[in-house]
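So the chains spell out like this:
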Amino acid sequence: MEPSEWSKVNKDNVLFLVIGSLCGFIAGYMIQERMAKVQPQPRIHGEAQAEAGGQATNPGTAPATQGGGMPNSGGPPNAMVQQLARRVAENPNDAEAIRQLANMNFDISNWSRARELYQRYLTLQPGDSDVLTDLGICYRAEGLFPEAIQAFDQALEGKADHWLAFYNKTIVLGIDLGDYAAAGAALEQLRKLRPGDLEVKRLSDEIDRRRQAAG
């Protein structure tokens, strides 16, 4: 397995980003989001306009957030984004709308924007283990490995059996940082939580391969 394969993350499989046939409107959404990021802060009242042209992936199942994703309005993605943006503009403390916008950005790998929104959500709803895990994945994707570890540890403080926090922490320790002893300890916890899980085995095998290659 090439190392590059271990750099892709999403909510369904954590390690692998699945875009599929949505690339066209995803690109448009990312452009809108990046344009919004250059606006002065705070830009809470500008999100309705800045994100109005955006569309997002269908989150389907989202094990990292357990229920996150787009609102079930029955309308097209663009209308959903506008609806969420209006909610946030009208009520800056609408934690659920902020989280859903964060999930949309996560799903298109707009990591810095997703991170910003998850951090904002956590100021309103501290200690959410699912969101902390997503935040850690964003940090990891941006190369902020100590911050990622801290977010995963905070997730585990709130929920000691949060296997995705252990899983992603193990990736950072073993794949990104080469701390094989710490990664091995995390893998032991993962095996207890997910006995026989093929993804855990694949991760364990990859870390073993790297450890042997490092001598």
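For the structure, see preceding data.
Here the structure is a predicted model, which means the values were calculated and not measured. Going along each chain's sequence as written, the residues are numbered from 1 onward. The model is predicted, so local features are restricted to residues of pLDDT at least 70 and side-chain atom pairs to those at 80 or more, both for listing and for counting; the totals for chains, interfaces and linings are taken over all residues. Only hydrogens and water are removed before side-chain values are computed, so all heavy atoms of the structure are retained for them.

Think of it this way: a Phe, Tyr or Trp ring, Trp meaning its six-membered ring, pairs with another when their centres are within 6.5 Å, and the plane angle makes it stacked under 30 degrees, edge-to-face over 60, tilted otherwise. Inspection of the entire model under this criterion finds three aromatic pairs. Geometrically, the ring pair formed by Phe 106 and Tyr 118 is edge-to-face, given 6.4 Å between the ring centres and 70 degrees between the ring planes. Linking Phe 106 in helix 4 (residues 95-107) with Tyr 118 in helix 5 (residues 111-124), this pair joins segments that are 12 residues apart in sequence. The class for Phe 106 is buried, based on a relative accessible area of 1%. Summarising the aromatic geometry, the rings of Trp 163 and Tyr 167 are spaced 5.5 Å apart at their centres and angled 65 degrees between planes, so their arrangement reads as edge-to-face. Residue Trp 163 and its partner Tyr 167 are located together in helix 8 (residues 163-176), separated by four residues, close to a single helical turn. Exposed residues in this analysis have more than 50% of their type's maximum accessible area, buried residues have under 20%, and partly exposed residues fall in between, with area computed by a 1.4 Å probe over protein chains only. Classification of Tyr 167 by relative accessible area gives buried; the value is 1%. Per the convention used, a helix needs a DSSP run of H or I reaching at least four residues, while a strand needs a run of E reaching at least two, with both numbered from the N terminus.

By salt bridge we mean one thing: a side-chain nitrogen of Lys or Arg within 4 Å of a carboxyl oxygen of Asp or Glu. All told, the structure shown has 13 salt bridges when counted by the stated rule. A salt bridge links Asp 205 to Lys 201, with the shortest nitrogen-to-oxygen separation between them at 2.9 Å. Of the two residues, Asp 205 and Lys 201 both sit in helix 10 (residues 198-214), four residues apart, roughly one turn of that helix. On the accessibility criterion, Asp 205 (39% relative accessible area) is partly exposed. Residue Lys 201 is classed as partly exposed on the basis of its relative accessible area of 48%. Note that Arg 211 and Asp 208 form a salt bridge whose closest N and O atoms lie 2.5 Å from each other. Linking Arg 211 with Asp 208, this pair stays in helix 10, spanning three residues, or about one helical turn. Exposure remark for Asp 208: the relative accessible area of 27% places this residue in the partly exposed category. One network of salt bridges, in which partners are shared, links Glu 206, Arg 209 and Arg 210.

By themselves these figures say nothing about function.
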